[in-house]
Amino acid sequence: MARMTGKDPGDRPRLAQPPSARYATSEGGTDSGAPTGSALRGPLIRAIAAAILGGAALVLVGAVFASTFGLLFVGGAMGAAIGLVLARACVPDAGTGLAVARGRVSRLAMGLALGAVAVADVAIWLYGRAEGGTLGLFDYLWTAFGPFVPGVALAALGGAAWGAGAGPIQR
């Protein structure tokens, strides 16, 4: 145990710079080493990829397999994946950009999930028309899937809201 002899007991070793110096602006007017952009770009690209994959899975189950079994699960899982991946924008690492508000991320995730479900519904209808169907979009979807159409949308919205609030899943 080392003793501090000849010094005042209240003296403490001094830092070369105060801790607040990392927040000071440089003479050029920009923050040195501080993130300048938004942290949304990377997570948004990954969330769009999750939306595309989830929409393709909805088309596979609803059009190719012509089944309602699994539609709600796929819609909810797609929404959750979008929300969890997009939530990464709320807690950026150093140098990745400025954090995005959790509410904004949640609304963006829900909009992206709802958009993916809408595009998947149109793709399912187009697939049905290519097989010889003659009904309009809403008539076909309601006749073929009934309450599963709004159910999938609600599952995707709920999954996205949960994922955006519970995330992020990435480091």
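Residues numbered from 1 in each chain as written. Predicted model: local features only at pLDDT ≥ 70, side-chain atom pairs only at ≥ 80, totals over all residues. Heavy atoms only, no water.

(A) The arrangement of the overall build of the chain in detail. Across its full length, the chain carries 5 helices and 0 strands. Ordered by position in the sequence, the α and β elements of the chain form the string α-α-α-α-α. Of all 171 residues assigned to the chain, the portion counted as buried reaches 32%. Excluding contacts between residues fewer than 6 apart, the proportion of contacts in the chain whose partners are at least 24 apart in sequence is 73%. When the accessible area of the chain is evaluated, it comes to approximately 10800 Å², of which 64% is carbon and sulfur surface. (Helix = DSSP H or I, 4+ residues; strand = E, 2+ residues; numbered from the N terminus. Buried < 20%, exposed > 50% of the residue type's maximum accessible area, 1.4 Å probe, protein only. Contact = heavy atoms within 4.5 Å. Areas by Shrake-Rupley, 256 points an atom, 1.4 Å probe, with all protein chains shown as cover.)

(B) Molecular detail of unusual backbone geometry. Of note, Ala66 is a non-glycine position whose phi angle comes to about 50 degrees, a positive value. Inspection of the secondary structure assignment puts Ala66 in the loop between helix 1 (41-64) and helix 2 (71-86).

(C) Structural view of helix 2. Over its 16 residues, helix 2 extends 22 Å from the first C-alpha to the last, a length consistent with the 22 Å expected when each residue adds 1.5 Å. Burial analysis of helix 2 places 12 of its 16 residues in the buried class, the great majority of the element. All buried positions along helix 2 are accounted for by Leu71, Val74, Gly75, Gly76, Met78, Gly79, Ala80, Ile82, Gly83, Leu84, Val85 and Leu86. Where helix 2 is buried, its residues meet helix 1, helix 3 (102-130), helix 4 (137-145) and helix 5 (148-166). (Expected span 1.5 Å × (residues − 1).)

(D) Molecular detail of the environment of Ile169. Tracing the backbone through its elements, the reader meets Ile169 in the segment after helix 5. The exposure class assigned to Ile169 is exposed, which follows from its relative accessible area of 55%. Here the alpha-carbon distance between Ile169 and Leu86, two residues 83 residues apart in the chain, equals 9.3 Å. Contacts of Ile169, omitting those with residues within four sequence positions, involve Leu84 and Val85.

(E) The side chain of Asp121, seen in detail. Note on placement: Asp121 falls in helix 3. Buried Asp121, no salt bridge; nearest opposite-charge side chain is Arg129, N-O distance 15 Å. Residues within four places of Asp121 in sequence aside, it is in contact with Leu137, Leu141 and Val149. (Lys, Arg positive; Asp, Glu negative; His and termini not counted. Salt bridge = Lys/Arg side-chain N within 4 Å of Asp/Glu carboxyl O.)

(F) Local environment of the packing of helix 2 against helix 5. At a minimum axis separation of 6 Å, helix 2 and helix 5 run at an interaxial angle of 30 degrees. Here helix 2 is positioned roughly parallel relative to helix 5, judged by the angle of their axes. As for the relative orientation of helix 2 and helix 5, their crossing is right-handed in sense. In contact with Leu71, Leu72, Gly75, Gly76, Met78, Gly79, Ala80, Gly83 and Leu84 of helix 2, helix 5 contributes Phe148, Gly151, Val152, Ala155, Ala156, Gly159, Ala160, Trp162, Gly163, Ala164 and Ala166. Each residue belonging to the contact of helix 2 with helix 5 can be placed in one class, and the counts come to 13 nonpolar, 7 polar and no charged. (Axes fitted to C-alpha atoms, helices over the stretch in contact; angles between N-to-C directions. Parallel < 35°, antiparallel > 145°, perpendicular 65-115°, else oblique. Left-handed = near helix turned anticlockwise from the far one by under 90°. Nonpolar A, V, L, I, M, F, W, Y, C, P; charged D, E, K, R; others polar.)

(G) Highlighting helix 5. Taking 1.5 Å per residue as the helical rise, helix 5 with its 19 residues ought to reach 27 Å, and the 26 Å between its terminal C-alpha atoms agrees with that figure. Where helix 5 is buried, its residues touch helix 1, helix 2, helix 3 and helix 4.

(H) Just the environment of Leu40, in detail. Secondary-structure assignment places Leu40 in the segment before helix 1. Classification of Leu40 as buried rests on a relative accessible area of 11%. Along the sequence, Leu40 and Val100 sit 60 residues apart, while their C-alpha atoms lie 6.9 Å from each other.

(I) The arrangement of the packing of helix 3 against helix 4 in detail. Viewed as axis vectors pointing N to C, helix 3 and helix 4 meet at an angle of 90 degrees, and their least axial separation amounts to 10 Å. Here helix 4 runs roughly perpendicular to helix 3, going by the angle between their axes. Of the residues in helix 4, those in contact with Asp121, Val122, Ile124, Trp125 and Gly128 of helix 3 are Leu137, Tyr140, Leu141 and Phe145. Here the residues of the contact of helix 3 with helix 4 sort into 7 nonpolar, 1 polar and 1 charged.

By themselves, these are just geometric observations and shouldn't be taken as functional.
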